[in-house]
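Architecture and fold: a report
So the chains spell out like this:
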Amino acid sequence: MNKKDILDILKSPDKSLFKEADKVREEHVGNGVHLRGLIEFSNICKMNCLYCGLQSSNKNVERYRLAKDEILSIAKSGVEAGYKTIVMQSGEDSYFSAKVLCEIISEIKSLDVALTLSLGERTYDEYKAFKDAGADRYLIRIETTDEKLYKKMHPFADFENRKRCLRDLKKVGFETGTGCLVGLPGQTVESLADDILFFKDIDADMIGIGPFISHPDTPLASEPNGDFNLALKVMALTRLILPDINIPATTAMETLKENGRLLALQSGANVVMPNLTDFEHKKLYSIYPNKASADRNEVEVMLKRIGRYVANDFGFRKH
Ligand code: SAM
């Protein structure tokens, strides 16, 4: 598919794309759904992404940082509950030096589980240290490939550095995940087509597509939410273009639309990321309001209903 083909599909009201993506998902990654247990271990962030409730300028959010022992204890319970992957995510919190993180990484890895990190922009040496300590995957969304829009949305960040991070992550050998937001103010369908081509170009191993959800304590408070169907289309097209990768049915999809997770799983997604963080901290990790949750038992019932099941392997990309 070239850019014109992608654009035609993004602009078309035809819904056959979703069925097609579901078929390609079944053929390439099967009916198993990988559950990744998410630990949101710090909502402290030095960045100022305009759309995000955790941005440093937001003084209305109570900040927290879990201690090493708390993180390890949540990871241990997750593994005992049967999770094959733990995901550690946080704001850009400099308290967590490479040394501290590497200690946590090796302790989690001793539990015989795959480990994904999502900690934002770090140096090559830090990424290398995380990999050497045993981490398997790293998620860092490009958010948008429209450089002008990127600059507007990320006043403290640099587009070239974001791309450098992705290159370095690949270089040190991580399974690398990226993705974009859909519905940012000023975003065009042309740029969404470029985002999809970018995913292909870097041969990403995982792609997370999140509709933008407006947060009341940000400068984008009065902007409308992203369009669910458009986000679903970007996700389904990504499945067609990268048939064997891992694609989560994102929490933002479920938050924006009732049954959004189910629709995503039937339109190309093969991963769900239930939150392992306790209720109080989960509430404080408010990147957008009314964040949906994914109860493991409910997810299992839902999967059974649609002829799918929880996969019991580590869920690495099978090239
Ligand atoms: N700090 C890390 C990073 O920059 O990759 C990870 C944490 S960051 C909060 C995780 C993701 O939340 C971002 O990549 C962004 O796409 C998403 N996000 C933040 N605010 C959002 C919003 N208002 N609506 C939808 N997604 C949002």
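Below is a short write-up of the structure. Here the structure is a predicted model, which means the values were calculated and not measured.

1. Digging into the nonpolar core
Counting 92 residues, the largest nonpolar core has I108, F130 and I209 as its most contacted members. In terms of residues, this core owes the most to one element, helix α9 (residues 228-241), which gives nine residues. Leaving out residues up to four positions away in the same chain, F130 has contacts with A98, L101, C102, I105, L117, L119, R122, A135, Y138 and F174.

2. Re the packing of helix α5 (residues 124-132) against helix α7 (residues 159-172)
Two elements in contact, α5 and α7, have axes separated by 9 Å at closest approach and are oriented at 35°. Crossing geometry of α5 relative to α7 is assigned as right-handed. For the pair α5 and α7, the contacting residues are Y124, Y127, K128 and K131 in the first and R164, C165, D168, L169, K171 and V172 in the second. By residue class, the composition of the contact of α5 with α7 is five nonpolar, no polar and five charged.

3. Some words on the pairing of strand β2 (residues 85-90)
Of all six residues in β2, six are buried, a share of seventy percent or more. On β2, burial covers both faces: T85, V87 and Q89 on one face and I86, M88 and S90 on the other are all buried. Across six bridges, the pairing between strand β1 (residues 32-42) and β2 is parallel. Note on β2: the bridge partner recorded for L38 is V87. As for the winding sense of the linkage, the β-α-β connection from β1 through helix α3 (residues 68-80) to β2 is right-handed. Here β2 pairs with strand β3 (residues 114-118) via five bridges, running parallel. Bridged to M88 within β3 is L117. For the crossover that starts at β2, traverses helix α4 (residues 98-109) and ends in the parallel β3, the hand is right-handed.

4. Some details on the site of the ligand
Taken together, 17 residues sit near the ligand, with Y51, S90, R141, E143 and I213 positioned nearest. One of the side-chain N or O atoms of E143 is found 2.6 Å from an oxygen atom in the ligand. Between a nitrogen atom of the ligand and a main-chain N or O atom of I213, the distance comes to 2.7 Å. The residue inventory of the shell around the ligand, partitioned by class, reads nine nonpolar, four polar and four charged.

5. Focus on the packing of aromatic side chains
Within the structure shown, the criterion is met by six aromatic pairs. For the pair Y95 and F96, a centre-to-centre distance of 5.1 Å together with 90° between the ring planes defines the contact as edge-to-face. Relative to F159, the ring of Y150 lies with its centre 5.2 Å away and its plane at 55°, an arrangement referred to as tilted. Exposure remark for F159: the relative accessible area of 5% places this residue in the buried category. Positioned above the aromatic ring of F174, the side-chain terminus of K131 is 5.8 Å from the ring centre. Taking NZ or CZ as reference, R137 lies 4.4 Å from the ring centre of F316, over its face.

6. Some points on the packing of helix α8 (residues 189-201) against α9
Where α8 contacts α9, the axes come no closer than 10 Å and their chain directions differ by 30°. Considering their axes alone, α8 and α9 lie roughly parallel with respect to each other. Here the hand of the crossing between α8 and α9 comes out right-handed. For the pair formed by α8 and α9, the contact residues are V189, L192, I196, F199 and K200 on the first element and L230, V234, L237, T238 and I241 on the second. When grouped by side-chain class, the residues that make up the contact of α8 with α9 number eight nonpolar, one polar and one charged.

7. Re the pattern of salt bridges
Going through the model one piece at a time under the given rule, you end up with 26 salt bridges. When the shortest N-O distance is used, the salt bridge between E175 and R137 registers 3.0 Å. Here E175, found in strand β5 (residues 175-182), pairs with R137, found in strand β4 (residues 137-139); they are 38 residues apart in sequence, far enough to count as distant. What emerges from the salt-bridge pattern is a single network uniting K68, K99, E103 and E107.

What counts, and where the lines are drawn
Throughout this description, residue numbers start from 1 for each chain and increase along the sequence as written. Per-residue local features are limited, in this predicted model, to residues with pLDDT of at least 70; the limit for side-chain atom pairs, both in listing and counting, is 80 or more; totals at the level of whole chains, interfaces and linings are taken over all residues. Computation of side-chain values: all heavy atoms of the structure, hydrogens and water removed. Residues enter a nonpolar core if they are buried and are Ala, Val, Leu, Ile, Met, Phe, Trp, Tyr or Cys, with the set joined through side-chain atoms within 4.5 Å. Relative accessibility decides the category of a residue: with a 1.4 Å probe and only protein chains considered, values under 20% of the type maximum give buried, values over 50% give exposed, and everything between is partly exposed. Only DSSP runs of H or I with at least four residues qualify as helices, and only runs of E with at least two residues qualify as strands; both kinds are numbered from the N terminus onward. Between two residues, a contact is recorded if the distance between any of their heavy atoms is within 4.5 Å. To define axes, lines are fitted to C-alpha atoms, for helices over the stretch in contact only, and angles between the resulting N-to-C directions are given on a 0 to 180 degree scale. Helix crossings fall into two classes, left-handed where the near helix is turned counterclockwise from the far one by less than a right angle and right-handed where it is turned clockwise. Note on residue categories: nonpolar means Ala, Val, Leu, Ile, Met, Phe, Trp, Tyr, Cys or Pro, charged means Asp, Glu, Lys or Arg, and polar means any other residue, Gly included. In this description, strands pair whenever DSSP reports at least two bridges between them. Looking down the strands as they point away from you, a crossover is right-handed if its path from the first strand over the helix to the second goes clockwise. We call a residue near a molecule or strand as soon as one heavy atom of that residue lies within 4 Å of the molecule or strand. Polar contacts, as used here, are pairs of N or O atoms within 3.5 Å; protein pairs need one atom able to donate a hydrogen and one able to accept it. Residues neighboring in sequence count only if both atoms are side-chain atoms. Only centres within 6.5 Å qualify two rings of Phe, Tyr or Trp (six-membered ring in Trp) as a pair; their planes then separate them into stacked at under 30 degrees, edge-to-face at over 60, and tilted for everything else. Remark: a charge is flagged as sitting over a ring if the NZ atom of Lys or the CZ atom of Arg is within 6 Å of the ring centre and within 35 degrees of the ring normal. The cut-offs work like this: below 35 degrees is roughly parallel, past 145 is roughly antiparallel, 65 to 115 is roughly perpendicular, and the gaps in between are oblique. Salt bridges are counted wherever a side-chain nitrogen of Lys or Arg sits within 4 Å of a carboxyl oxygen of Asp or Glu.

That is the geometry; function is a separate question.
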